[in-house]
Amino acid sequence: MRQHSLGRWALIVAISGAALSATSLGCRPAPAPAPAKLTPKDIVAQSKPAIVRIEATGDRVGTGFVVADNVIATNLHVVAGASEIVAITLDQSRLPVTSVVNLDPDRDLALLLVAPALPLPSLRLGDSALMAAGDSVLAIGNPLGVLDYTVSDGLV
């Protein structure tokens with residue numbers, strides 16, 4: 001069973017700008033344009049396919065997101081002690097969790113492995129150490145199992 005380290009993670013979704021290169025004539029390259037600023041609507045549209053609803057025995061519901069290689073990150077309190085866990089994708093595909101890859105009780109995190117028929121889109125993880133008080137953040141999820149794919153904004 002593969003083990004994945006659970007460091008301090010922050011979900012960062014960004015579009016990088018294309019840098020211009022110097023020509024063979026020795027011209028100085030133009031400065032790279034700043035990355036395009038994404039609107040919350042853009043971020044949701046790009047992220048939503050990688051976000052899943054987690055259902056665990058005991059009527060527990062939460063949110064997870066695909067991080068890589070069919071591994072889903074979610075909250076430990078949603079899946080702790082559950083005998084069955086299912087990840088439900090945006091298209092309503094039900095993916096039984098085949099194993100719990102790793103747990104981090106101090107951060108309330110669990111990594112779950114699923115075996116989908118087709119590869120799942122994943123979100124790019126960033127470094128939470130690069131975040132600072134006052135930075136904008138978005139939360140996309142399934143709060144209380146009542147509202148699917150809701151979006152809330154806030155500040156660190």
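Conventions used here
In this numbering scheme, every chain counts its residues from 1 along its sequence in written order. Confidence filtering applies because this is a predicted model: local features only for residues at pLDDT of at least 70, side-chain atom pairs given and counted only at 80 or more, and all residues used for totals across whole chains, interfaces and linings. The basis for the side-chain values is all heavy atoms of the structure; hydrogens and waters are excluded. Residue-level confidence of the predictor is summarised by pLDDT, bounded by 0 at the bottom and 100 at the top. Helix and strand definitions here come from DSSP, where helices need a minimum of 4 consecutive H or I residues and strands a minimum of 2 consecutive E residues; each element is numbered from the N-terminal end. The method works on a 1 Å grid over the protein atoms by themselves. A cavity is a set of points holding a 1.4 Å probe that cannot get out, a pocket is an open set with protein on both sides within 12 Å along at least five of seven lines, and residues with an atom within 4 Å of a point line them. Grid points are joined across faces, edges and corners, and a volume is the space filled by probe spheres set on the points. All amino acids are sorted into three groups, where Ala, Val, Leu, Ile, Met, Phe, Trp, Tyr, Cys and Pro are nonpolar, Asp, Glu, Lys and Arg are charged, and the leftover types, Gly among them, are polar. When DSSP finds two or more bridges between a pair of strands, those strands are recorded as paired. Axis definition: a line fitted to C-alpha atoms, limited for helices to the stretch in contact. Angles are taken between N-to-C directions and run from 0 to 180 degrees. Only residues above 30% relative accessible area that lack a salt bridge enter a patch, with like-charged residues linked at up to 9 Å and the nonpolar side chains Val, Leu, Ile, Met, Phe, Trp and Tyr linked at up to 5 Å. Every accessible area reported is derived by Shrake-Rupley at a probe size of 1.4 Å, with residue values counting cover from the shown protein chains alone. Here, a salt bridge means any side-chain nitrogen of Lys or Arg that lies within 4 Å of a carboxyl oxygen of Asp or Glu. Residues belong to one nonpolar core when they are buried, are Ala, Val, Leu, Ile, Met, Phe, Trp, Tyr or Cys, and are joined through side-chain atoms within 4.5 Å. Buried, partly exposed and exposed residues are distinguished by accessible area as a fraction of the type maximum, computed with a 1.4 Å probe on protein chains only: under 20%, between the cut-offs, and over 50%, respectively. Two residues form a contact once any of their heavy atoms are found within 4.5 Å.

1. Re the confidence of the model for the chain
Move 1: When the pLDDT values of the chain are averaged, the result is 82; 79% of them are 70 or greater.
Move 2: No element of the chain has a lower mean pLDDT than strand β1 (residues 9-11), at 33, and none a higher one than strand β7 (residues 109-114), at 98.

2. Observations concerning the layout of surface pockets
Move 1: The space that makes up the second largest pocket amounts to roughly 190 Å³.
Move 2: P49, T89, L90, D91, S93, L95, P116, A117, L118, P119, L120 and P121 together form the lining of the second largest pocket.
Move 3: Across the lining of the second largest pocket, the residue classes break down as nine nonpolar, two polar and one charged.

3. Looking at the sheet that holds strand β4 (residues 71-75)
Move 1: Around the barrel, six strands lie side by side as β2-β3-β4-β7-β6-β5; this closed barrel has antiparallel pairing. Taking the axes of each pair of neighbouring strands and ignoring which way they run, one obtains an average angle of 40° across the sheet.
Move 2: Pairing between strand β6 (residues 94-104) and β7: six bridges, direction antiparallel. Looking across to β7, one finds that D104 is bridged to L109.

4. Focus on a nonpolar patch on the surface
Move 1: Judged by side-chain polarity, L144, V146 and L147 come together as a nonpolar surface patch covering roughly 370 Å² of accessible area.
Move 2: As for its placement among the helices and strands, L144 is situated in the loop between β9 (136-141) and β10 (150-155).

5. Some remarks on the nonpolar core
Move 1: Among the nonpolar cores identified, the biggest contains 17 residues, and I54, I72, V79, I85, A87, L112 and V114 are the most heavily contacted of them.
Move 2: Contacts of V79, omitting those with residues within four sequence positions, involve I54, A56, R60, T74, I85, A110 and L112.
Move 3: Counting residues in hydrophobic clusters, the runner-up holds six residues, among them V44, I51, I140 and Y149.

6. Here's the deal with the pairing of strand β2 (residues 51-56)
Move 1: Within β2, five of the six residues are buried, leaving the element largely enclosed by the surrounding structure.
Move 2: Across six bridges, the pairing between β2 and strand β3 (residues 60-68) is antiparallel. Across the sheet, R53 pairs through a bridge with T63, a residue of β3.
Move 3: Between β2 and β3, which follow one another and run antiparallel, lie three residues, and G58 among them has a positive phi close to 95°.
Move 4: Of the strand pairs in this sheet, β2 and strand β5 (residues 85-88) are connected by four bridges, and their pairing is antiparallel. Each residue of the ladder has a partner; that of R53, found in β5, is I88.

7. Quick word on the pattern of salt bridges
Move 1: Applying the stated criterion across every chain yields a total of four salt bridges.
Move 2: The salt bridge involving E55 is made with R53; its shortest N-O contact spans 2.9 Å.
Move 3: Accessibility expressed as a relative area gives 14% for R53, which makes it buried.

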